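Examination of the molecular architecture
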Amino acid sequence: MIFDSPLPDAQVQVQDLTGGGDHYQVVVVSSLFEGKGLVQQHQLVYRALQQEMSSEAIHALTMKTYTPQAWQAQQQMV
C-alpha cells in the first residue's frame, strides 16, 4: 500500500490479516491528525487509499490513527 500526498509525513504499520492480500489492519501516525476527530482522521486515510479501495485491491481495512504525541503515549503504556 502506498500513501499519496494526503499524508506525506505518515508512519504506517500494515498487517495482512488473512494472508490473501486484501484484508488489512493499519496503524497510521501523522501530525496531520492534530486537532481532527477520529472520523476526520480516518477520512484522510481513506482518501489516501481511494484508488486501492475503489478497485477492491483492499477488500477490508481496519485502522488505528494517532497523532505523534498520542502514539508516543500509547507506546509508553505497552
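Note: the structure precedes this text.
For clarity, every value in this text was computed on a predicted model and none was experimentally measured.

How each quantity is defined
- Residues numbered from 1 in each chain as written.
- Predicted model: local features only at pLDDT ≥ 70, side-chain atom pairs only at ≥ 80, totals over all residues.
- Heavy atoms only, no water.
- Buried < 20%, exposed > 50% of the residue type's maximum accessible area, 1.4 Å probe, protein only.
- Helix = DSSP H or I, 4+ residues; strand = E, 2+ residues; numbered from the N terminus.
- Pairing = 2+ DSSP bridges.
- Axes fitted to C-alpha atoms, helices over the stretch in contact; angles between N-to-C directions.
- Contact = heavy atoms within 4.5 Å.
- Arc of directions from axis to C-beta.

Looking now at the pairing of strand β2 (residues 23-29). Regular strands have side chains that alternate between both faces of the sheet. Of all 7 residues in β2, 5 are buried, a share of seventy percent or more. Bridge count between strand β1 (residues 11-16) and β2: 6 bridges; the pairing is antiparallel. Each residue of the ladder has a partner; that of V14, found in β2, is V26. Pairing between β2 and strand β3 (residues 60-66): 7 bridges, direction parallel.

Let us look at the sheet that holds β3. The pairing of strands in a sheet happens through backbone hydrogen bonds and is either parallel or antiparallel. An order of β1-β2-β3 is seen for the 3 strands of this open sheet, with the pairing classed as mixed. At either margin of the open sheet sits one strand with a lone partner, and together these are β1 and β3. Taking each pair of neighbouring strands and ignoring which way they run, the sheet shows an average axis angle of 15 degrees. Strand contacts of helix α1 (residues 38-48): β2 and β3, with the helix running at about 125 degrees to β3, the strand carrying the most contacts. Relative to the sheet, helix α3 (residues 68-77) contacts β1, β2 and β3, its axis offset from that of β3 by approximately 95 degrees.

In this section: α1. Note: α-helices contain 3.6 residues per turn, so residues at a spacing of three or four share the same orientation. Every buried residue of α1 is accounted for by Q41, H42, L44, V45 and A48. Along the axis of α1, the buried positions cluster into a sector of 150 degrees, meaning they face one direction only. Looking at the buried residues of α1, the elements they touch are β2, α2 (50-54) and β3.

Time to look at the environment of V45. Turning to its location among the elements, V45 is positioned in helix α1. Relative accessible area serves as the criterion here: at 0%, V45 is assigned to the buried category. Separated by 20 residues in sequence, V45 and T65 have C-alpha atoms that sit 8.7 Å apart.

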